[in-house]
Amino acid sequence: MPEAVIVSTARSPIGRAVKGSLKDLRPDDLTATIIQAALAKVPELDPRDIDDLMLGCGLPGGEQGYNLGRIVAVQMGMDHLPGCTITRYCSSSLQTSRMALHAIKAGEGDVFISAGVEMVSRYAKGSSDGLPDTTNPIFDEAQARTAATAVSEGSTWHDPREDGLLPDPYIAMGQTAENLARVKGVTRQDMDEFGVRSQNLAEEAIKNGFWEREITPVTLPDGTVVSKDDGPRAGVTLDGVQGLKPVFRPDGMVTAANCCPLNDGAAAVVIMSDTKARELGLTPLARIVSTGVSGLSPEIMGLGPVDASNQALRRAGLTIDDIDLVEINEAFAAQVIPSYRDLNIPLEKLNVNGGAIAVGHPFGMTGARITGTLINSLQFHDKQFGLETMCVGGGQGMAMVIERLS
């Protein structure tokens, strides 16, 4: 059975949504630029040998609508190349890598592009743009419970499924973080310390050239070249963030300093069979060992990485002790902390260059971005096995184990 190997990765800088550096770029234009950058690193590959372009997008609507994957293929002059657009929200472009893995294992193709994009700056703005409310009324009671919790003091979370009630699949991600923090005993101090850690590590990684290794500069319509992430802040201290007010509840713990911002960005991964890589004389960057996906109550979705990671590790025949470096997407410190604790991940192995709290989380981009970051980190620190995992809006988790090959 063929193995799925990664031969190339590329990502854009990550911009702040609405007011950041990438706000004037269309998502299809940015995606095409980044895919072409990933393909340029594999000149031995004939584009006509690519079997499919699979594009992850968290919220595929507006300029991210239609079938953006196919639009990008045609835009790049590859009308022979099929394209699809997949959403699994925060893990959309990890899902596309999983699909490439499955197709290669099944013998149904040798070369795939797994890419992801999210341009929050370009979203249609909902009801203010005259768009209808599309939520299913069957969840009205669940949404009412969430709304009541959001304005209450001393709010705690009780699993509605225990009372035969539906959870809220439309719940705001910040509310899930508040729920999980209370369920798992995560304090505001814990969250602020973790947020500061992310910023400080990202600042150090900028200084040592880590992030520069993986970022593809992009040119804006006015000719300006963007080559750095907008997010990381220098000199962040615990004293400096402890006075920030909560964002989602009057008695809440989630602040702007311990969660990710809204962002723009795109990333791409070129995945092929090991037999095709040998045929082309390529030395792969990494092998995809295994993946996992899990489901749980949407109202505590942040714990999704635990089951998904355990699935992936079991399928790989590994334990967490065998993993050298771990990347858990930092949607919220409130969800990373209980996830790494439950998985028994030593902090010295976790997000060692900072994470999304500092660099950002463009939803559809993140899966592919973290894959590239994890490979970069395994190379930079001369390690072998890596675990990528994340929580997913709607109550899911996803994970992938990779082995560095070069």
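My aim in this report is to walk through the structure given alongside it, one point at a time. (Residues numbered from 1 in each chain as written. Predicted model: local features only at pLDDT ≥ 70, side-chain atom pairs only at ≥ 80, totals over all residues. Heavy atoms only, no water.)

## Remarks on the pairing of strand E8 (residues 263-273)
A large share of E8 lies buried, amounting to 11 of its 11 residues. Sheet analysis places strand E1 (residues 4-11) next to E8, joined by seven bridges and oriented antiparallel. Opposite Val-5, over in E8, you have Met-272 as the bridge partner. Here two bridges tie strand E2 (residues 15-16) to E8, and the two strands are oriented antiparallel to one another. Paired with Arg-16 across the bridge in E8 is Asn-263. With nine bridges joining them, strand E5 (residues 111-119) and E8 adopt antiparallel strand pairing. Its bridge partner being in E8, Ser-114 is matched across the sheet by Val-269. (Buried < 20%, exposed > 50% of the residue type's maximum accessible area, 1.4 Å probe, protein only. Helix = DSSP H or I, 4+ residues; strand = E, 2+ residues; numbered from the N terminus. Pairing = 2+ DSSP bridges.)

## Quick notes on the packing of aromatic side chains
Throughout the structure, instances matching the rule amount to six aromatic pairs. Ring geometry for Tyr-89 against Phe-363: centres 5.1 Å apart, planes inclined by 25°, an arrangement best described as stacked. One end of the pair, Tyr-89, is in the loop between strand E4 (83-86) and helix H3 (92-105); the other, Phe-363, is in helix H12 (residues 363-380), with 274 residues separating them in the sequence. On the numbers, 6.5 Å between centres and 70° between planes, the contact of Phe-248 with Phe-332 is edge-to-face. A residue pair is termed long-range when its members are at least 10 positions apart, and Phe-248 in the loop between helix H7 (238-241) and E8 and Phe-332 in the loop between strand E10 (325-328) and helix H10 (333-342) qualify at 84 residues. When its relative accessible area of 27% is taken as the criterion, Phe-248 is described as partly exposed. Overall, Phe-332 belongs to the buried group, its relative accessible area being 7%. Taken together, the aromatic side chains of Phe-210, Trp-211 and Phe-380 make up a single cluster linked through ring pairs. (Phe/Tyr/Trp six-rings, centres within 6.5 Å; stacked < 30°, edge-to-face > 60°.)

## Observations regarding the packing of H3 against H12
H12 packs onto H3 with a crossing angle of 55° between their chain directions and a minimal axis gap of 5 Å. The pairing of H3 with H12 is recorded here as oblique in orientation. On H12, the residues that touch Ser-92, Ser-93 and Leu-94 of H3 are Gly-364, Met-365, Thr-366, Gly-367 and Ala-368. (Axes fitted to C-alpha atoms, helices over the stretch in contact; angles between N-to-C directions. Parallel < 35°, antiparallel > 145°, perpendicular 65-115°, else oblique. Contact = heavy atoms within 4.5 Å.)

## Concerning unusual backbone geometry
Even without being glycine, Tyr-66 reaches a positive phi, approximately 55°. Looking at Tyr-66, the relative accessible area reads 81%, which means it is exposed.

## Quick notes on the layout of surface pockets
Roughly 1100 Å³ of volume is contained in the largest pocket. Leu-59, Tyr-89, Tyr-123, Leu-262 and Phe-363 are the residues nearest the centre of the largest pocket, which is lined by 40 residues in total. Here the lining of the largest pocket is composed, by residue class, of 26 nonpolar, 10 polar and four charged. (1 Å grid on protein atoms, 1.4 Å probe; cavity = no way out; pocket = protein on both sides within 12 Å on 5 of 7 lines; lining within 4 Å. Points joined across faces, edges and corners; volume = space filled by probe spheres on them. Nonpolar A, V, L, I, M, F, W, Y, C, P; charged D, E, K, R; others polar.)

## Considerations on helix H1 (residues 27-40)
Taking 1.5 Å per residue as the helical rise, H1 with its 14 residues ought to reach 20 Å, and the 20 Å between its terminal C-alpha atoms agrees with that figure. Restricting attention to buried positions, one finds in H1 the residues Pro-27, Asp-28, Leu-30, Thr-31, Ala-32, Ile-34, Ile-35, Ala-37, Ala-38 and Leu-39. (Expected span 1.5 Å × (residues − 1).)

## Details of the environment of Ile-206
If you trace the backbone, Ile-206 turns up in helix H6 (residues 188-207). A relative accessible area of 46% means that Ile-206 is categorised as partly exposed. Along the chain, Ile-206 and Leu-25 lie 181 residues apart, while their C-alpha atoms are 24 Å from each other. When sequence neighbours within four positions are dropped, the list of residues in contact with Ile-206 reads Trp-211 and Pro-232.

In short, shape yes, function no, at least from these values alone.
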